[in-house]
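Spelled out, the chains give:
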Amino acid sequence: MTATTHTTNWHTLREQVTYPTGLLIDGRFQAGADRLVVTSPIDGAPIAEIDAADAGDVDRAVQAARRAFEDKRWSGMAPADRKAILIRWAQLCEEHREELALLHALEMGKPAREAYNVDMRAVIRTISWFGEAIDKVLDEIPNVASSALALIEREPAGVVAAVVPWNFPLTMAAWKLAPALATGCSVVLKPAEQSPLSALLLCQLGMEAGIPDGVLNVVNGLGHITGRALGEHNDVDVLTFTGSTAVGRRFMEYSAASNLKRVWLELGGKSANVVFPDADIDKAASTAAWSIFYNAGQMCTAGSRLLVHESIHDEVVAKILSIAQEMQPANPLDADAPLGSVVSHPHMQQIHDKVVSGAAQSGEILTGGAPVLENTGGSYYPPTVVDNVDPSSLLAQQELFGPVLAVTTFRDEAEALALTNGTQYGLASAVWTNDLNRAHRFARGMKVGVVWVNCYEEGDMTVPFGGVKQSGFGRDKSLHALDKFYDIKTTWIELE
Ligand code: NAD
């Protein structure tokens, strides 16, 4: 199941695509207490009006998940049987790959082609990988005194609530759903209010694949209503969240004020590309450009800071500016759109306000810096490069979540490391150098969860992903992701 090139006419498919619009509770799509209109950032037009959950609906979903967990219809199934269903689910995602990709583009504005090749590849891989893994995870019997037998067993934690953002709507959902379901937990998913349609179709396919009723539930809705109700629910055992640091903080509060549910947080970032003069400058510059402009900069790992040695500043910046010219936004349903829209008009306005106030504090806008394609009714922001940004200023410290690069120079390695680590975040960063000693030394000094050396965004399902500091804690991907959804039980047996 690998990415393929294809000839879909996304504009035509837009007229034909269908998806559920209800809340998925106990195996059925149902009405909710509220309604939500989903609007496309491509042109500002409404796409659908869907059901949204209030606290009562959330309670029904959690109760359905609890019943399913306790009667062991899924948690008691042999791992090899859960595996077969997850793999069937991945196959159905492959069969519906075009519709799922299209929904990404309609809801949050990324090019449909990229959703097909990148997002859907990750979704399919994630679901099948955790399916494949789950019947190979073993429990432990430690070496203890011969008069005893000790067992260390992993048990599914129970009801998991997963609250996810819109920037990689299905990849983020799959990173939570696949390991949680693989362990035997029941799940209630809350997609972002901007991107519920792709999540509903994804989970409908999960039901078709054979996930039993009540094991996988979806509650659409607004964060402060639906997300909050999940955070505060006393019968949710684990809450796994990807989103902003501000909302991550709220989930810690909800947990403290309710049942002390375990909370896992994948939060924001202010990642850097750190470029030394001995690096492959061409590759470093083009990758740095891609790392901030891709997905219109709406990536937790976006390379939003360029820290470049003063001797190569002009060369690197010139290359980035030429790539910025090539990556201008266009309708994400066009087959060759290099960049789509940002997720919504309010988000675009926030990006722009921060560019304006940030540049007023420090820096010079070299390209971009204002919305484009306004006559479309959509929300398009171009690649923006701000040079000479003071490391303590807004543009170097705050996450804009848009295609905006802040450039700062350094003189030596110690200064570069201090700048790299000089924000509240610690998600990821890259160092570019051909000096092996420096690469290792610098990588060890970086206070982040993920380090890239001479590359960016590389990795696969075998390696964990997540941050330190205010970028959160807990890991998605890899076998480590399973740990979030297990309780570890010790049984000590005294032998006669
Ligand atoms: P967000 O925090 O605004 O929303 C994320 C989710 O939380 C949505 O489902 C939303 O409805 C819900 N939510 C919002 N307010 C809430 C509240 N008061 N109570 C409960 N739930 C609430 O984030 P976003 O704008 O959707 O996504 C962008 C953020 O996500 C960025 O900060 C980005 O860095 C982060 N992100 C992190 C990772 C990672 O893996 N570390 C990956 C992708 C995105």
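Before reading further, recall that the structure is shown in the block above.
Rules of the game
- Residues numbered from 1 in each chain as written.
- Predicted model: local features only at pLDDT ≥ 70, side-chain atom pairs only at ≥ 80, totals over all residues.
- Heavy atoms only, no water.
- Helix = DSSP H or I, 4+ residues; strand = E, 2+ residues; numbered from the N terminus.
- Rg over C-alpha atoms; globule rule 2.2 N^0.38 Å.
- Buried < 20%, exposed > 50% of the residue type's maximum accessible area, 1.4 Å probe, protein only.
- Contact = heavy atoms within 4.5 Å.
- Areas by Shrake-Rupley, 256 points an atom, 1.4 Å probe, with all protein chains shown as cover.
- Lys, Arg positive; Asp, Glu negative; His and termini not counted.
- Charge placed at Lys NZ, Arg CZ, Asp CG, Glu CD.
- Near = heavy atom within 4 Å.
- Polar contact = N/O pair within 3.5 Å; in protein donor to acceptor, adjacent residues only side chain to side chain.
- Pairing = 2+ DSSP bridges.

(A) Highlighting the overall build of the protein chain. Along its length, the protein chain carries 15 helices and 21 strands. The C-alpha atoms of the protein chain give a radius of gyration of 23 Å, which matches the 23 Å a tight globule of 496 residues would have. If one aligns the C-alpha atoms of the protein chain with their principal axes, the spans along those axes are about 75 × 60 × 45 Å. Of all 496 residues assigned to the protein chain, the portion counted as buried reaches 57%. Long-range pairs, those at least 24 residues apart, make up 74% of the contacts in the protein chain between residues at least 6 apart in sequence. For the protein chain, the computed accessible surface area is about 18,900 Å², with 51% contributed by carbon and sulfur atoms. Separation between the mean location of the 40 positive side-chain charges and that of the 60 negative ones in the protein chain comes to 4 Å.

(B) Highlighting the site of the ligand. Around the ligand, a shell composed of 29 residues is seen, among which Glu193, Ser244, Tyr254, Leu267 and Glu399 lie nearest. For the ligand, an oxygen atom lies 2.9 Å from a polar atom in the side chain of lysine 190. Protein contacts shield 89% of the accessible area of the ligand, which totals 840 Å² for the unbound molecule. At the level of secondary structure, the elements contributing two or more residues to the shell around the ligand comprise helix H8 (223–232), strand E9 (238–242) and helix H9 (245–257).

(C) Inspection of the pairing of strand E3 (residues 34–39) at higher detail. Where E3 lies against strand E4 (residues 46–52), six bridges are found, and the strand directions are antiparallel. Paired with leucine 36 across the two strands is isoleucine 50, which belongs to E4. Connecting E3 to the antiparallel partner E4 that follows it, the hairpin turn spans six residues, and glycine 44 within it adopts a positive phi of roughly 75°.

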